[in-house]
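Here is what each chain is made of, one letter per residue.
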Amino acid sequence: MTRQGATGGSKTRSRLSEPRSNVVSTLPMLALARDLAARAAECGREGHPVVLAIDGPGCSGKTTLADSLGVLTDSVVLATDDFHTPPGWPVEADSPLPYRRWRSLVASFQSLRRGAAAVIEPFDWQTRSLLPPKAIVPAPLIVVEGIASLHPDIAALAHLRVWVDCHAYTRL
């Protein structure tokens, strides 16, 4: 299977994991995003954001799926790549990944769940340093995407959980 962008017609395998069931889907990305948007709408309660966690191996389509959801829904995307640890920074002892600023990621996620803005310092992959702080405004749908998004710190609070995968030869 190959994958293209959100409007492409090729397929990516995804495991949609909900608290009540597991479903394996082989859909084009945009169709999968539409399906997830509908599922998220079903989970919603007035005044409470829906949390969707998207995880999978590198370059498997997590960001493409999150971007597609951003076009289709009133959502905010919290990308784990924004919380990469700059070179020379100390490793957080309790972080599940030695290259992530895990406490900042979880604190930002918790702020958005409470309906408050989160202030993050995104990692700049070109300069390998942190960008100036920026506010992320809460939305009815919170999409947490990236490697380790299904870690229990996040997944335990997610209404929908997605594992995106594809053949290794189709990844960048």
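Residues numbered from 1 in each chain as written. Predicted model: local features only at pLDDT ≥ 70, side-chain atom pairs only at ≥ 80, totals over all residues. Heavy atoms only, no water.

In terms of helices and strands, the protein carries four helices and ten strands. Scored against the burial criterion, the 172 residues of the protein give a buried share of 44%. Here the analysis covers contacts within the protein between residues at least 6 apart in sequence; of these, 63% occur between residues at least 24 apart. About 8700 Å² of surface is accessible on the protein, with carbon and sulfur atoms providing 54% of the total. (Helix = DSSP H or I, 4+ residues; strand = E, 2+ residues; numbered from the N terminus. Buried < 20%, exposed > 50% of the residue type's maximum accessible area, 1.4 Å probe, protein only. Contact = heavy atoms within 4.5 Å. Areas by Shrake-Rupley, 256 points an atom, 1.4 Å probe, with all protein chains shown as cover.)

Inside soluble globular proteins, nonpolar side chains tend to come together where they are buried. Counting 20 residues, the largest nonpolar core has Leu78, Phe109, Leu112, Ile142 and Ile154 as its most contacted members. Only β3 (50–55), β4 (75–79), α3 (102–113), β5 (118–120) and β9 (141–145) provide two or more residues apiece to this core. The element best represented in this core is α3, accounting for five residues. Among the nonpolar cores identified, the runner-up in size contains 17 residues, and Leu36, Ala37, Val143 and Val162 belong to it. (Core = buried A, V, L, I, M, F, W, Y, C linked by side-chain atoms within 4.5 Å.)

Moving on: the confidence of the model for the protein. Looking at the protein as a whole, its pLDDT mean stands at 83, while 83% of the residues score no less than 70. Per-residue pLDDT, averaged within each element of the protein, yields its smallest value for strand β1 (residues 11–17) (45) and its largest for β5 (97). Confidence drops under pLDDT 50 across residues 1–24; counting only partners more than four residues distant or on other chains, this segment forms 84 contacts. (pLDDT = per-residue confidence, 0-100.)

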